[in-house]
Structures are given as structure tokens and as C-alpha cells.
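Examination of the molecular architecture
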Amino acid sequence: TMSTKTYEITAPGFVCTNDCFTGIISVDDYFWVLPLTNTQLIRFHRTTGESVLYNSWPGSVSMSNQPFLSGAYDGRSRTLWFPPYKANYVVSFRVDDAAVDYCPLWPVGLGTGSYRFWGGFIERTYLWMAPHSANSLVRVTIDSCDMKFWPLPVVDSYNYGGITFDGHQTAWLSPFELTA
């Protein structure tokens, strides 16, 4: 049987009135609600509804409107990973101690555009990111932030709108405005 619950965000300091969030990730007894038009990551306790706000990001990371469109969870390191949409870097957030870090360098030759990535998933020790205005599929080694990329066909200014892994060996990209 499926049931639903609704919780009010009561975290002190929360401010946002519309298009606030882009997704949710379940970790243990908590839901992590991912920011869209704000810079506030919210953690909800799944039973009590208690909410906590996190909004301390590294100063080098540009956290303008729509910094991320998605996130992925690495259970091995207990870390949320955020592929950048309008943010300028890949960001990581450890759920146990709220430590935030980012990957400071992009590989030479990778064109990221202004609406960089839309979606990502964890596969073993890698974060894979779907290009939106970027020109390539990118794999980030999550222990070191080393990146490798594979150029993909670019037909329009926005390429793909999501990515998933089939659990075996293939990453599947959903087209956004790609016509070929």
C-alpha cells in the first residue's frame, strides 16, 4: 500500500516561494531535497518531518539561480554529488558531517556551456554526468575529482535531459532537443 505525507519546511532561515527544489534523494531515515532556484539544501526526517537547512557552499562555487538540476548519492562515501547546471563546478556534500567540497578543474578541451549538465548517477567509484549545453559525457572519479570525457553529437544548443545506468554496463541518455 502506498501512502503519502506532507511536511512544512520549518528549518530556520528557509526562504523560497516558487520553483524551490528539483529533486529528492533518500538516505537512511532522511530525505534530502535538492535546490533549484535557491541555494538551500534541506534534510527532512522521514518520520518526524523535522527539517534542517544547509546553505554553506565553497566560495569558489557560483551558486546563482538553478545551480543544480539533480543529484546522485554515493553510499560508499555517504556523499551527495551535484552535477552543475548553472553552478561552475561539481559539488559534493557528505551527509554525516555536512562537509562540502568541489572539483576545481575541468579537463582541457571540454566545453561546458552555460547550462552544463542535467543529471548524473553513481556507478562504482564514478559520477557520470549528462551534458545539457556541455559537449561531452563526463565521468568524475569521486575519490580524486579526476575527469574523463567523451564527445557526443551536438545538434542543438541543448543536448540531453537526463541519464540513467542500466546496472550492467550502459549509460542511457534521454534527448532534450536532440533531433539526430
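See above for the structure.
Source: prediction; values computed, not measured. (Residues numbered from 1 in each chain as written. Predicted model: local features only at pLDDT ≥ 70, side-chain atom pairs only at ≥ 80, totals over all residues. Heavy atoms only, no water.)

1. Structural notes on the overall build of the protein chain
Broken down by element type, the protein chain carries 0 helices and 14 strands. Its helices and strands taken in sequence order, the protein chain reads β-β-β-β-β-β-β-β-β-β-β-β-β-β from the N to the C terminus. Oriented by its inertia axes, the alpha-carbon framework of the protein chain measures out at about 45 × 40 × 30 Å. Excluding contacts between residues fewer than 6 apart, the proportion of contacts in the protein chain whose partners are at least 24 apart in sequence is 39%. In the form shown here, the protein chain has an accessible surface area of approximately 9,300 Å², with 50% of it arising from carbon and sulfur atoms. When the 11 basic and 15 acidic side-chain charges of the protein chain are each reduced to a single mean position, those positions are 3 Å apart. (Helix = DSSP H or I, 4+ residues; strand = E, 2+ residues; numbered from the N terminus. Contact = heavy atoms within 4.5 Å. Areas by Shrake-Rupley, 256 points an atom, 1.4 Å probe, with all protein chains shown as cover. Lys, Arg positive; Asp, Glu negative; His and termini not counted. Charge placed at Lys NZ, Arg CZ, Asp CG, Glu CD.)

2. Things to note about the sheet that holds strand β8 (residues 100-103)
Spatial strand order, β5-β6-β7-β8: 4 strands in an open sheet with antiparallel pairing. The strands lining the two open edges of the sheet, one partner per strand, are β5 (72-74) and β8. In this sheet, adjacent strand axes meet at a mean angle of 25° when their direction is disregarded. Where strand β6 (residues 79-82) meets strand β7 (residues 90-94), 4 bridges bridge the pair, whose relative direction is antiparallel. Bridge pairing links F82 to V91 in β7. (Pairing = 2+ DSSP bridges. Axes fitted to C-alpha atoms, helices over the stretch in contact; angles between N-to-C directions.)

3. Section: the sheet that holds strand β11 (residues 136-141)
Spatial ordering of the open sheet is given by β9-β10-β11-β12, a layout of 4 strands whose pairing is antiparallel. In this open sheet, the two edge strands, each paired with only one partner strand, are β9 (117-123) and β12 (147-151). The sheet shows a mean angle of 20° between the axes of neighbouring strands, direction not considered.

4. Looking at the state of the cysteines
A complete count under the given rule lists 2 disulfides for this structure. One disulfide bridge connects C16 with C20, the sulfur atoms lying 2.2 Å from each other. Disulfide C16-C20: torsion about the S-S bond near -105°, hence left-handed. A single burial state applies to C16 and to C20, both of which are buried. Across the protein chain, the way the bonded cysteines pair up, counted in sequence order, is 1-2, 3-4. (Disulfide = S-S within 2.5 Å. Buried < 20%, exposed > 50% of the residue type's maximum accessible area, 1.4 Å probe, protein only.)

5. A look at the pattern of salt bridges
Evaluation of the coordinates by the stated rule reveals 6 salt bridges. Here D28 makes a salt bridge to R78, at a shortest N to O gap of 2.5 Å. Placement of D28 in the loop between β1 (21-27) and β2 (30-35) and of R78 in the loop between β5 and β6 is noted, with a sequence separation of 50 residues between them. Of the residues examined, R78 reaches a relative accessible area of 24% and is grouped as partly exposed. Linking R124 and E123 is a salt bridge whose minimum nitrogen-to-oxygen distance equals 2.8 Å. We classify R124 as exposed; its relative accessible area is 63%. Given a relative accessible area of 11%, E123 falls into the buried group. Connected through shared salt-bridge partners, D28, R78 and D96 make up one network. (Salt bridge = Lys/Arg side-chain N within 4 Å of Asp/Glu carboxyl O.)

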